[in-house]
Amino acid sequence: MIPTRTLGTLQVSALGLGCMGMSHAYGAADPDEARATLEAALAAGVTFYDTADMYGNGANEEFLAPFAAAHRDEIVLATKFGFVNDENARPVGIDGRPERVAGCVDGSLRRLGVDVIDLYYLHRVDPQVPVEETVGAMAEQVAAGKVRALGLSEASADDIRRAATVHPIAALQSEYSIFTRDVEDGPLQTAREVGAGLVPFSPLGRGLLTADRKAVAAALEGNDFRNSIPRWQGENLEANLRLVDRIDAIAADLTAAGAGSDGAPVTAAQVALAWVLAQGDDIVPIPGTTRRTHLTDNLGAADVTLSGAQLAELTELSAVGSRLPQRTLQQR
């Protein structure tokens with residue numbers, strides 16, 4: 001079974017499950033396989049499930065509702081608010097006004113079919129609204145019994161510090177992986193100072209760190225968000241795949257040493273996740289997947305231990321190209 005870690009007062013599995021791709025952003029998913037993946041995750045010891053109201057304009061929360069109803073006492077549910085979408089579920093702005101918070105909480109509760117949200121994040125800090133005001137309104141939802149703990153997503157060190165003066169912050173959710181290290185430049189240290197854990201999303205670089213060339217090629221076909229990411233384009237992609245070859249080589253060395261779970265081969269994805277897990281006991285990555293095969297692979301990372309030399313080599317890798325489209329970065 002997967003070990004547990006803590007986020008504020010919440011006890012969660014050391015690896016959670018990001019659910020966005022089950023109905024949003026990465027092209028068409030098989031809903032039956034996604035539902036089976038949720039059940040398989042729980043059976044394997046995953047207790048932490050992440051969604052947001054912006055994913056499919058609420059469709060992702062609705063997708064999780066039957067699973068949440070069947071297993072409410074066994075799982076920790078996290079969702080987020082703050083983005084404003086157009087009718088096609090594309091973000092067009094951020095709205096963190098305090099008067100909006102109660103309605104967003106009630107909407108998520110209704111779609112998820114639950115009475116309380118375990119961890120409620122501000123998806124992005126609204127630059128037009130002092131973070132203290134938004135978090136103050138979120139704290140009122142804790143007092144009302146509709147939310148158990150509060151978090152921030154992709155927040156700056158200053159925002160984290162200011163938010164924590166209003167209400168305890170249990171978690172900072174930010175992109176974090178071997179290839180994306182921005183959070184180390186201030187926010188991670190500040191989160192630790194205020195007692196918040198880190199919840200890395202995209203710890204596998206949106207699939208780039210898996211060494212699965214066929215999956216990478218398939219991702220670039222059709223309606224997939226990654227088509228717009230500079231890191232996934234042309235010469236950038238080729239350079240990054242050469243870096244992934246180095247991760248794959250470490251995986252091969254670990255396999256030869258018998259370091260895999262129950263003698264199974266160690267994969268690049270497991271190495272990438274093991275690196276994230278090794279950065280601190282207060283870090284709970286939430287790799288997303290819609291398939292049981294990928295889930296099993298990801299969860300095997302909990303059994304992989306990297307040497308000091310391997311950790312150092314992985315830490316030195318630096319991806320080529322931005323992690324997000326420029327227009328998305330400008331919204332932050």
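Preceding this section is the structure that the text describes.
Draft legend 1. Spatial organisation of the overall build of the chain. Scanning the chain from N- to C-terminus turns up twelve helices and eleven strands. The C-alpha atoms of the chain give 19 Å as radius of gyration, which agrees with the globular expectation for 332 residues (20 Å, within 12%). Judged by the C-alpha coordinates and their principal axes, the chain covers about 55 × 40 × 40 Å. Here the chain holds 332 residues, and the buried ones make up 54% of them. Within the chain, contacts between residues separated by at least 24 positions form 75% of all contacts whose residues are at least 6 apart in sequence. Total accessible area computed for the chain in this model is approximately 13,600 Å², and 49% of it derives from carbon and sulfur atoms. Across the chain, the centroid of the 28 positively charged side chains sits 3 Å from that of the 44 negatively charged ones.

Draft legend 2. Focus on unusual backbone geometry. With phi around 50 degrees, serine 202 is a residue other than glycine that occupies positive phi space. Checked against the element boundaries, serine 202 lands in the loop between strand E11 (197-201) and helix H7 (213-219). Taking relative accessible area as the criterion, serine 202 reaches 13% and is therefore assigned buried. Even without being glycine, arginine 206 reaches a positive phi, approximately 60 degrees. Topologically, arginine 206 is positioned in the loop between E11 and H7. Taking the relative accessible area as the measure of exposure, arginine 206 reaches 12% and is therefore buried.

Draft legend 3. Seen up close, the sheet that holds strand E5 (residues 76-81). With parallel pairing, seven strands are arranged side by side in an open sheet as E3-E4-E5-E8-E9-E10-E11. The outermost strands of the open sheet, each flanked by one partner alone, are strand E3 (17-18) and E11. In this sheet, strand E9 (residues 147-153) lies alongside strand E8 (residues 117-122) in parallel orientation, the contact comprising five bridges. By the bridge assignment, isoleucine 117 is partnered in E9 with valine 147.

Draft legend 4. Quick peek at the pattern of salt bridges. This model, assessed by the stated rule, comprises 23 salt bridges. Here glutamate 33 and arginine 292 are joined by a salt bridge, their closest N and O atoms 2.7 Å apart. A residue pair is termed long-range when its members are at least 10 positions apart, and glutamate 33 in helix H1 (residues 31-43) and arginine 292 in helix H10 (residues 292-299) qualify at 259 residues. Classification of glutamate 33 by relative accessible area gives buried; the value is 15%. A relative accessible area of 40% places arginine 292 in the partly exposed class. Aspartate 158 is the partner of arginine 162 in a salt bridge, and the nearest nitrogen-oxygen pair spans 3.2 Å. Here the residue arginine 162 and the residue aspartate 158 both occupy positions in helix H5 (residues 157-164), the gap between them amounting to four residues, near one helical turn. Classification of aspartate 158 as partly exposed rests on a relative accessible area of 41%. One continuous salt-bridge network, built from bridges that share partners, spans Arg124, Glu154, Glu175, Arg206 and Arg323.

Draft legend 5. Seen up close, the pairing of E9. Among the seven residues of E9, six are classified as buried, and the element is accordingly described as predominantly covered. With helix H4 (residues 131-143) bridging E8 and its parallel neighbour E9, the resulting β-α-β unit is right-handed. Two strands pair when backbone bridges link them, and E9 and strand E10 (residues 169-175) are joined in this way by four bridges, in the parallel orientation. Along E10, the bridge assignment pairs leucine 150 with isoleucine 169. As a crossover connection, the stretch from E9 through H5 into E10 is right-handed.

Cut-offs applied
- Residues numbered from 1 in each chain as written.
- Predicted model: local features only at pLDDT ≥ 70, side-chain atom pairs only at ≥ 80, totals over all residues.
- Heavy atoms only, no water.
- Helix = DSSP H or I, 4+ residues; strand = E, 2+ residues; numbered from the N terminus.
- Rg over C-alpha atoms; globule rule 2.2 N^0.38 Å.
- Buried < 20%, exposed > 50% of the residue type's maximum accessible area, 1.4 Å probe, protein only.
- Contact = heavy atoms within 4.5 Å.
- Areas by Shrake-Rupley, 256 points an atom, 1.4 Å probe, with all protein chains shown as cover.
- Lys, Arg positive; Asp, Glu negative; His and termini not counted.
- Charge placed at Lys NZ, Arg CZ, Asp CG, Glu CD.
- Pairing = 2+ DSSP bridges.
- Salt bridge = Lys/Arg side-chain N within 4 Å of Asp/Glu carboxyl O.
- Right-handed = clockwise from strand over helix to strand, strands pointing away.

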